[in-house]
Amino acid sequence: MHSNIFEADDLKNQKIYAKLFAENGRSFKTLNWGSVESQLLRFKVLSEIANLNNQSILDVGCGLADYYQYLIDHQISADYCGLDITHPLIDEAREKFKGVKFLNSSLTDIDDELMFDYVFASGIYTYRTKNENEFLQLMTQNMFNHCRKGVAFNSLSTWTSAKDDGEFYADPLETLKFCKTLSPWVVMRHDYHARDFTIYIYKERNL
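Colleague: Just to check I follow, could you spell out the packing of helix 2 (residues 36-47) against helix 3 (residues 66-73) for this structure?
Modeller: If you want to describe how two helices pack, look at the angle between their axes and the distance between the axes. Axis separation between helix 2 and helix 3 bottoms out at 10 Å; the angle between their running directions is 70°. When the interaxial angle is binned, helix 2 and helix 3 end up roughly perpendicular. Two packed elements cross with a definite hand, and for helix 2 against helix 3 that hand is right-handed. For the pair helix 2 and helix 3, the contacting residues are Gln39, Leu40, Phe43, Lys44 and Ser47 in the first and Asp66, Tyr67 and Tyr70 in the second.

Colleague: Teacher, can you tell me more about helix 1 (residues 7-24) here?
Modeller: Every α-helix winds through 3.6 residues per turn, so residues three or four apart in the chain are directed the same way. Taking 1.5 Å per residue, 18 residues should reach 26 Å; helix 1 reaches 26 Å between its end C-alpha atoms and fits that length. Those residues of helix 1 that sit buried are Asp9, Asp10, Asn13, Tyr17, Leu20 and Phe21. Seen end-on, helix 1 carries its buried residues on one side only, within an arc spanning 105°. More than 90 degrees from the buried face of helix 1, the exposed residues found are Lys15, Lys19 and Ala22. Residues of helix 1 that are buried make contact with helix 4 (87-96) and helix 5 (132-145). Glycine 25, located one to two residues past helix 1, shows a positive phi value of around 65°.

Colleague: What's the story with the packing of helix 1 against helix 4 in this structure? I'm lost.
Modeller: Closest axis-to-axis distance for the helix 1/helix 4 pair is 8 Å, and the angle between their directions is 50°. Here helix 4 runs oblique to helix 1, going by the angle between their axes. Across the interface between the two elements, Tyr17, Ala18 and Phe21 of helix 1 pack against Pro88, Leu89 and Glu92 of helix 4. Here the residues of the contact of helix 1 with helix 4 sort into five nonpolar, no polar and one charged.

Cut-offs applied
- Residues numbered from 1 in each chain as written.
- Predicted model: local features only at pLDDT ≥ 70, side-chain atom pairs only at ≥ 80, totals over all residues.
- Heavy atoms only, no water.
- Axes fitted to C-alpha atoms, helices over the stretch in contact; angles between N-to-C directions.
- Helix = DSSP H or I, 4+ residues; strand = E, 2+ residues; numbered from the N terminus.
- Parallel < 35°, antiparallel > 145°, perpendicular 65-115°, else oblique.
- Left-handed = near helix turned anticlockwise from the far one by under 90°.
- Contact = heavy atoms within 4.5 Å.
- Expected span 1.5 Å × (residues − 1).
- Buried < 20%, exposed > 50% of the residue type's maximum accessible area, 1.4 Å probe, protein only.
- Arc of directions from axis to C-beta.
- Nonpolar A, V, L, I, M, F, W, Y, C, P; charged D, E, K, R; others polar.

Function cannot be inferred from these measures alone, as they are strictly geometric.
Below is the structure:
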């Protein structure tokens, strides 16, 4: 299990998303996206890391597995596994997508030998309030450890002028600097949403 310095935020996130689910059910509002369009835009950018057909994917913080639905809708045939710490969301995802693999766990608690071609995370840092950068780095390191080919994740950006109280905004350049300690093959995108950035980390040069 990861350090207990993150435990309070883990519990807070579980409560936030369980409450949102109780209020909104199967809705983008349960994951606290501003709109369906902004959620889908982030999925599109994550997916542009590579051709994902016939690849295995781990979706960290999968919530209701909306990203899996995105893959289906865009005819991307991938071996998907969703992971989330919030029990009601995992239960709902399992109910909707029977036969798909879901793990009700933290990324740091899964088997070290469990490997995927690509590991993704969308929106998992928003409600971190303590040791935020340390958490981002820990999760990024673990995502990289569990991938064969690459990692893609997003975060709210300190470059935006439109910040909301109670949300974590990561510094894009500091985040990129850390990612370059994992691999020289790194891409940062800040070209699709004023409040958001995405980073791709590859295990090998991406041609």
